[in-house]
Number of protein chains: 4
Amino acid sequence: MADTRFRGVFPPTVTPLTEDRELDVASFERSLNRMIDAGVHGLFVLGSTSEVVFSTDQRRREILETVVRVVDGRVPVLAGVIDMQTERMIEHAKVAQSIGVDGIVATAPFYAIAGTAEIEANFRYIHDAVDLPLFAYDIPVCVHKKLPGDLLLKLGMEGVLTGVKDSSGDDVGFRFLLEMNHKEGNPLNILTGHEVVVDGAYLGGADGAVPGLANVYPDPYVQQWDAAQAGDWGKVASIQNYLADLMRITVVPKGVVGFGAGVGAFKTAMKELGIISTNQMPRPVARLEGDNIKAIRQVLAESNLLS
Amino acid sequence: MADTRFRGVFPPTVTPLTEDRELDVASFERSLNRMIDAGVHGLFVLGSTSEVVFSTDQRRREILETVVRVVDGRVPVLAGVIDMQTERMIEHAKVAQSIGVDGIVATAPFYAIAGTAEIEANFRYIHDAVDLPLFAYDIPVCVHKKLPGDLLLKLGMEGVLTGVKDSSGDDVGFRFLLEMNHKEGNPLNILTGHEVVVDGAYLGGADGAVPGLANVYPDPYVQQWDAAQAGDWGKVASIQNYLADLMRITVVPKGVVGFGAGVGAFKTAMKELGIISTNQMPRPVARLEGDNIKAIRQVLAESNLLS
Amino acid sequence: MADTRFRGVFPPTVTPLTEDRELDVASFERSLNRMIDAGVHGLFVLGSTSEVVFSTDQRRREILETVVRVVDGRVPVLAGVIDMQTERMIEHAKVAQSIGVDGIVATAPFYAIAGTAEIEANFRYIHDAVDLPLFAYDIPVCVHKKLPGDLLLKLGMEGVLTGVKDSSGDDVGFRFLLEMNHKEGNPLNILTGHEVVVDGAYLGGADGAVPGLANVYPDPYVQQWDAAQAGDWGKVASIQNYLADLMRITVVPKGVVGFGAGVGAFKTAMKELGIISTNQMPRPVARLEGDNIKAIRQVLAESNLLS
Amino acid sequence: MADTRFRGVFPPTVTPLTEDRELDVASFERSLNRMIDAGVHGLFVLGSTSEVVFSTDQRRREILETVVRVVDGRVPVLAGVIDMQTERMIEHAKVAQSIGVDGIVATAPFYAIAGTAEIEANFRYIHDAVDLPLFAYDIPVCVHKKLPGDLLLKLGMEGVLTGVKDSSGDDVGFRFLLEMNHKEGNPLNILTGHEVVVDGAYLGGADGAVPGLANVYPDPYVQQWDAAQAGDWGKVASIQNYLADLMRITVVPKGVVGFGAGVGAFKTAMKELGIISTNQMPRPVARLEGDNIKAIRQVLAESNLLS
C-alpha cells in the first residue's frame, strides 16, 4: 500500500540566494513557512528546482539542514540525491539520512551511457546503502533516459522503491504506470511533477503532485488536492486552468532557455511578490532582467497576484 | 467558436487488408459500420493508423471512396493528406475534396528539415488550395517537429486552421494550448490522439478524441464522451482505466516496434474479435504471429472481450 | 567487387526553378553540362538536394527525363526513389527504370516507426521489384534512423545492395563500414555525402563522394579525386580546405534553417555565378534574400569565384 | 599559436580497479608506464574513460595523485573536471591545480538545461578560477549539447580556451573548426577523441588524438602520429585500418551498452593482455563475462595481440 506520509502536495523548494550567491536563509525560511502554512503536505528539497546540481556538497548540506530545522517535523521532507552515478548518490543519501529527512529521491544514472541493467542496479545499491524510503525520479529531459514502467513497478513490489516522482513528460506512460500500480495494490506512491496537468493526474489516480509553481503560490494546489479528495472535479479543473495561466511566467521570458527561464521565473515572481529578496541565480546562469521581469509581473497581475 | 461538427469521438480508421494486401472492402465496411453504430461522432481516415504512408495514391483514393460511400453522411469524415511537403499534400487535399470529405488533416512538412516559417507557410498554402476545414496534426514522433502552440492559435484565430489533432505526447503543451484557445473564444477544435489519457484531456476542455483503440472497441469511448458531457468524471476515469488495460494489446507484443506493434495489435485484436478477416500488414511490415497473438488474446480476455 | 561504374564524384543535382516554380530546363542543362564538362564521374538525381520530397510525381518524372536526355550516356545516373514506405518507393523505382537510369537510391522507410526488420525488408522488396543496382541512402537527419553497418554489409554480400550513399554524420560508423567492406572483398560501393570531409573518407578507402557543393564548383572535387587516386594526400587535403571554406555559404545565412539554408545557399551561389537564373525554392520554403545573399557573395569572393 | 606541449597522442587513462573496487595502484602504474614507454605525448586523466563520473571526490584525488606521481613530469597531464555545473567544476579544478597537473578539461554544464550563454559563462568562470590551460571537451553523447564552433574559436582567440578535445561525433563541424582555427593562426589545440578516424583528423590538421584504445595498445597510435608528421599518409591510413579492426572489441559484446561495453571492453582486453589484474567495473556497471570475454579475445587474436 502506498505510504500515506507521501500523499498530497509536495512542492520542490526553490533555493533563495543573496546577491553574492550565498544561501539567503531568511528568505528561505519565509518561503518554507509560507508553503507549510498554506497546507502543503510535504516538501521535496534538492530536486532540480532546488538548484541541486549547481550546489557544492557544502551548499547541499546547508540547504538540507535549513529545511529540516525550519520544517521541524511539521511535514515530511523528501531529499534529492541527484548526481551522476551510484557512489556519489550514496554519499548524498548518507548525508541526508544523518540530517534527518523522511525519504530520498534518485534519478537514473547519467553522463555515462547506461542501459536498464545499470538503472536497476543503481536503485538497488542506493536502497541497500541507507535506511530511508526511496523515490525514483523520472526526468528524461535532464538525464536523457526514461525509466521503464515495468521496472518501476517491479522495484515497488519488491520494496526497493517507495514511490515515483514523474517529470517524464510522457502522460501515456504515466497513465499505464498508475493503472499497473493500482492493479498490484498500489505498492508505489506516484507523484506528478508537471504543474499544469495535475488535474488529469489526480483523475487518473496519482497520489500527489510536486509543483514548482507552488513556491510562487501554494494555496491553489492545496485547494485542488482537497477538491480532488472530495471528488469535485469541476473545481479541480478550474483551479488547474488558473494555475496554467499563472505558469505562463515560465513561458514569457525571451532569450532565455531551460533552467534560467523556468526557475528564473519562479525566483523573479517570488521576489516581485515579496517572498524572497533577490532573483539571483547560481553560476553560470544569469538572473532574469528588464523586459522579462515586466512580462512576469504582467502574468502575476493577470492572475490577480499583483495589482 | 469551435466547429460543432468536429466534437466527440473520431476514431482513426484501421485499413483492413486481404491476404495479398488488397483492400478488404467487406471487412472495412463491417468495421466502419460497427463504429458508427456504436455512436462515434466522426471518422478520421488516412491518418497514421490508416497506413496512409504505406499507400499508393491509388490505394488512398480507394480507401477514401470506400469510407465516403459507406459512411454516406451519417457522420463527418476527416481525411489525412499526409505527405512529405506542400505540393504533394495539396494534391492529396484536392483528391479528398473531390471525393467529398468534410475536412482535411495535415502535419508539418518532414524529411527536409524545416523551421517554423516553413511549417506556417505549409498550412497557409494548403488552406488556400482547397475549400475545406483544415486540421493541424501534431505528431512529432513521426515528423520530428512539435507544432508550436502559439502558431496553432494564431492560425486558428485567422481561420487558416479549424482544429488540431494532438498526438504530440506533450501533455503540458496540450494543456497550455487548451487554455490559450479557451481564452480566445475557442477558435480551434482540439482533439487528443492519445487513447489512454482521454479523461484528462476532456477534464482540461478538449473537444474530442481520436482513439485508434476505438477500432477494437468503440462503445466505451462513446460512453466516456457522454459521461464527460454530463460531468460524471468518476465514470470518465473508470472507463479510461478499462481502456488503458485494453490498450495493453499494443504493449504486450515482443520483438516488434512502432507501427508493427501498434497497428499490428489493433488488426490482430480486430481479427480475433471477428471484425476483420486477416491481420495482414502493408509492406515492409510483418504481421503479428504466434505468441504475440496469444498475448493479445489474453489481454482481450482480461478485458472481457474474449472468453 | 565494387561496381566500377559508381566510383568517383557523383554530385547530387540541384533542381533549378523558374520564378513561378516550374522546372527551369535551360538552367538545368547548363548546370548539368558544366558538371559533366568538369569531369564528374556520375550524377545523383532526385536526392535530398534535388528537392525530391517537394516534388509531385509529375515533377519527378520531368526532372529525371531531363537529366537522362541531357546526360545522354556520358556518365552514369543514379536516381533517388525517396518516399515514406515501400510501395511508393517501388513506384518511383519503376518509373526511374522506364526512363533509363543506371541505378537507384533508397532510404530506410520513415514517418511510421520502423525497426531493423522493416528496414531490411524494404531494401529486399525494392531490389526484387526492379532490375537496377540499388544503393542504400543512410541519412538519419532526414529519416531519423541510422542504417546498421552489419545489415548494409550483409545485403551487399547477398547482392541486394550495390552500394551505400552515406550522409549519416557518423564518421566512426562509416569507418567501420569501410573496413568491414574491405575485409569482405568490397561488395559495396561506398560513397560519402559529406562535402567537407571527403579527404578523410578517401583516405579511409571510400569509393567516391556525393557533394552538393559540386553544383556550385565541380572542378576541385574532380581534382581531389584524381589526387586521391595518385596518392597525393597533401593535395587532397589542401583542396578540401578550400572546399570547406567555400561550404561556408551554407553556414552564413541568418534566420534560416535546414533545407532553406543549405540548398538555398547552393541555389543562391549558382545564381550569383551565372549558372542558373533564379534562386527560387519549392513551396513552402522561402528563397534567400538581402543580407543572406550578400554574405554568400562574400564567401564566393573569398574563394576567388567572384571579384 | 597552439601550445606545443599539447600535441600528439594523449590517451585517456583507464582506471584499474581491484575486485572490491578499490583503485588498483599496481595495475595503474603498469598501464601508465606502458603507454609512456610506448612514446605517448601526454595523458588525459579523469575523462569519461577514467570513470570520472563514477568516482567520489576522494577517488578522483587518489587517481590524480597516482598519475602525477607515476608520470613524474615525463609527459604533460591533462585532468578532467567533469561535473554537472560550474561550482563543482571549479572545486575539481582547484584540486587538480593543487596536485600539479598541466591543464584541465571541462565540458558544457549538464543536467539542468542550458543555452549557449550558460556554456560560455561556464568556461569563463573556470578559466578565471584557476591558473591552468583549459580545454573544452565536446561530448554531446554525454552532456547532450554540441559546443558551437564559433564559440570555441572566440574563446580560443581570447585566451580563455587553450584547446578542444572533440568527441562530438560531428566530423563536419570538426573540419569547419579545424579550418577556422587554422585561418586565425591556430589559437586552439584541437584533439580528436574518436579512435577510428584519427587518420582523417590528422589529414585535416588536428593537433593530436585522445584514443581510449591506446590503453589496450599504444604503439600504433604513436607510429601513426610519427607517420602523419612525416607526411606518410598511406602508413597513417593503414595503421588506422589495423586500429579500426582492433576497436571492434567494443562492438562485439552482446547485451551490454554504453560505458559497460566500451570501457568494459578496454578493461577486459587489458586484463587478457596481462596489463591489469581485473576487469572490474564501478557500480552500477557490471563487468563483461563469459562469451563477451571470448569475443574480445577473438578480436585480440585477429589483431595478433593474443595467440
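As a reminder, the structure under discussion sits directly above these lines.
Scope of this entry: the structure provided in the associated data block.

Definitions and cut-offs
Residues numbered from 1 in each chain as written. Chains lettered and ligands numbered in written order. Predicted model: local features only at pLDDT ≥ 70, side-chain atom pairs only at ≥ 80, totals over all residues. Heavy atoms only, no water. Helix = DSSP H or I, 4+ residues; strand = E, 2+ residues; numbered from the N terminus. Rg over C-alpha atoms; globule rule 2.2 N^0.38 Å. Buried < 20%, exposed > 50% of the residue type's maximum accessible area, 1.4 Å probe, protein only. Contact = heavy atoms within 4.5 Å. Lys, Arg positive; Asp, Glu negative; His and termini not counted. Charge placed at Lys NZ, Arg CZ, Asp CG, Glu CD. Buried area = accessible area lost by both parts, 1.4 Å probe. Salt bridge = Lys/Arg side-chain N within 4 Å of Asp/Glu carboxyl O. Pairing = 2+ DSSP bridges. Right-handed = clockwise from strand over helix to strand, strands pointing away. Least-squares fit on C-alpha atoms with pLDDT ≥ 70 in both. Phe/Tyr/Trp six-rings, centres within 6.5 Å; stacked < 30°, edge-to-face > 60°. Axes fitted to C-alpha atoms, helices over the stretch in contact; angles between N-to-C directions. Parallel < 35°, antiparallel > 145°, perpendicular 65-115°, else oblique. Left-handed = near helix turned anticlockwise from the far one by under 90°. Nonpolar A, V, L, I, M, F, W, Y, C, P; charged D, E, K, R; others polar.

## As for the overall build of chain A
Secondary structure summary: chain A contains 12 helices and 8 strands in total. For a compact globule of 307 residues, the expected C-alpha radius of gyration is about 19 Å, and chain A comes in at 18 Å, within 12% of that figure. On the principal axes, the C-alpha backbone points of chain A span a range of 50 × 45 × 35 Å. The proportion of buried residues among the 307 residues of chain A is 64%. Taking as baseline every contact in chain A between residues at least 6 positions apart, the subset at least 24 positions apart corresponds to 72%. In chain A, 28 side chains carry a positive charge and 39 a negative one; their mean positions are 4 Å apart.

## A closer look at the interface of chain C and chain D
Across the contact, 23 residues belong to chain C and 23 residues belong to chain D. Roughly 2,300 Å² is buried in total at the junction of chain C and chain D, and carbon and sulfur atoms are behind 61% of that figure. The largest per-residue losses of area from chain C upon contact with chain D belong to Arg-175, Phe-176 and Leu-203 of chain C, which jointly make up 28% of the total buried on that side. Counting the contacts that link chain C with chain D gives 4 salt bridges.

## A closer look at the pairing of strand E3 (residues 77–80) of chain A
Residue and element names in this part refer to chain A. Along E3, one buried face is formed by Val-77 and Ala-79 and the opposite face, lined by Leu-78 and Gly-80, is buried too. When strand E2 (residues 43–45) meets E3, the two strands line up parallel, connected through 3 bridges. Each residue of the ladder has a partner; that of Val-45, found in E3, is Ala-79. Between E2 and its parallel partner E3, the chain crosses via helix H2 (residues 57–71), and the hand of that crossover is right-handed. Direction of pairing for E3 relative to strand E4 (residues 103–107): parallel, over a ladder of 3 bridges. Counted as the bridge partner of Ala-79 is Ile-104 from E4. Between the parallel elements E3 and E4, the chain passes through helix H3 (residues 86–99) in a crossover that is right-handed.

## Quick notes on the arrangement of the chains
Nothing in chain A touches chain C; the tightest C-alpha to C-alpha distance between them is still 15 Å. Kept free of each other, chain B and chain D leave a smallest C-alpha distance of 15 Å between them.

## Details of the relation of the copies chain D and chain A
In summary, the two copies of the chain are related to each other by a rotation about an axis coupled with a shift along it. Of the transformation placing chain D onto chain A, the axial shift is 0.0 Å and the rotation is 180°, giving an RMSD of 0.0 Å. Here the copies are linked by what is in effect a two-fold axis. A shared binding surface is used by both copies, with 100% of the interface residues of chain D retained as interface residues in chain A.

## Notes on the pattern of salt bridges
With the rule as written, the count across this model stands at 88 salt bridges over all chains. Glu-120 of chain D is the salt-bridge partner of Arg-124 of chain D, the closest N and O atoms lying 2.9 Å from each other. Of the two residues, Arg-124 of chain D and Glu-120 of chain D both sit in helix H4 (residues 116–129), 4 residues apart, roughly one turn of that helix. With relative accessibility at 26%, the residue Arg-124 of chain D sits in the partly exposed group. Several salt bridges share partner residues, and in doing so they unite Asp-57, Arg-60, Asp-83, Arg-88 and Glu-91 of chain A together with Asp-57, Arg-60, Asp-83, Arg-88 and Glu-91 of chain D into one network.

## Here we look at the packing of aromatic side chains
What the rule picks out here adds up to 30 aromatic pairs over all chains. Residues Tyr-111 of chain A and Phe-110 of chain D carry aromatic rings whose centres are separated by 5.3 Å and whose planes lie at 40° to one another, so their mutual orientation is tilted. Here the residue Tyr-111 of chain A occupies a position in the loop between E4 and helix H4 (116–129), and Phe-110 of chain D occupies one in the loop between strand E4 (103–107) and H4, the pair thus bridging two chains. Among the residues examined, Tyr-111 of chain A registers a relative accessible area of 5% and is labelled buried. Among the residues examined, Phe-110 of chain D registers a relative accessible area of 3% and is labelled buried.

## Some words on the relation of the copies chain C and chain D
Once turned by 180° and shifted 0.0 Å along the axis, chain C lies on chain D with an RMSD of 0.0 Å. A share of 100% of the interface residues of chain C reappears at the interface of chain D, consistent with the copies meeting face to face through the same patch.

## What to know about the packing of helix H4 (residues 116–129) of chain B against helix H6 (residues 149–157) of chain B
Residues and elements named next belong to chain B. At a minimum axis distance of 11 Å, the contact between H4 and H6 shows a crossing angle of 25°. Taken together, the axes of H4 and H6 lie roughly parallel to each other. The handedness of the crossing between H4 and H6 is right-handed. Mapping the contact onto sequence places Thr-116, Ile-119, Glu-120, Phe-123 and Arg-124 in H4 and Leu-151, Lys-154 and Leu-155 in H6. Split by residue class, the contact of H4 with H6 holds 4 nonpolar, 1 polar and 3 charged.

## Re the side chain of Ser-50 of chain C
Residue and element names in this part refer to chain C. Looking at the element boundaries, Ser-50 is found in the loop between strand E2 (43–45) and helix H2 (57–71). Given the relative accessible area of 0%, Ser-50 is considered buried. Non-local contacts of Ser-50, meaning those with residues more than four positions away in its chain, are made with Thr-13, Thr-15, Phe-44, Val-45 and Ile-63.

## Observations concerning the sheet that holds strand E5 (residues 134–138) of chain D
The strands making up a sheet associate through hydrogen bonds between their backbones, and the pairing can be parallel or antiparallel. Residue and element names in this part refer to chain D. The strand order E1-E8-E7-E6-E5-E4-E3-E2 describes an open sheet built from 8 strands, whose pairing is parallel. Looking at the sheet topology across the chains shown, the edges are occupied by strand E1 (8–9) and strand E2 (43–45). Summarising the sheet, E5 and strand E6 (residues 163–166) pair through 4 bridges and their orientation is parallel. Looking across to E6, one finds that Phe-135 is bridged to Gly-163. Against the sheet, helix H2 (residues 57–71) engages E2 and strand E3 (77–80), with an angle of about 160° to E2. In this fold H4 packs onto E4 and E5, with an angle of close to 155° to the strand it touches most, E4.

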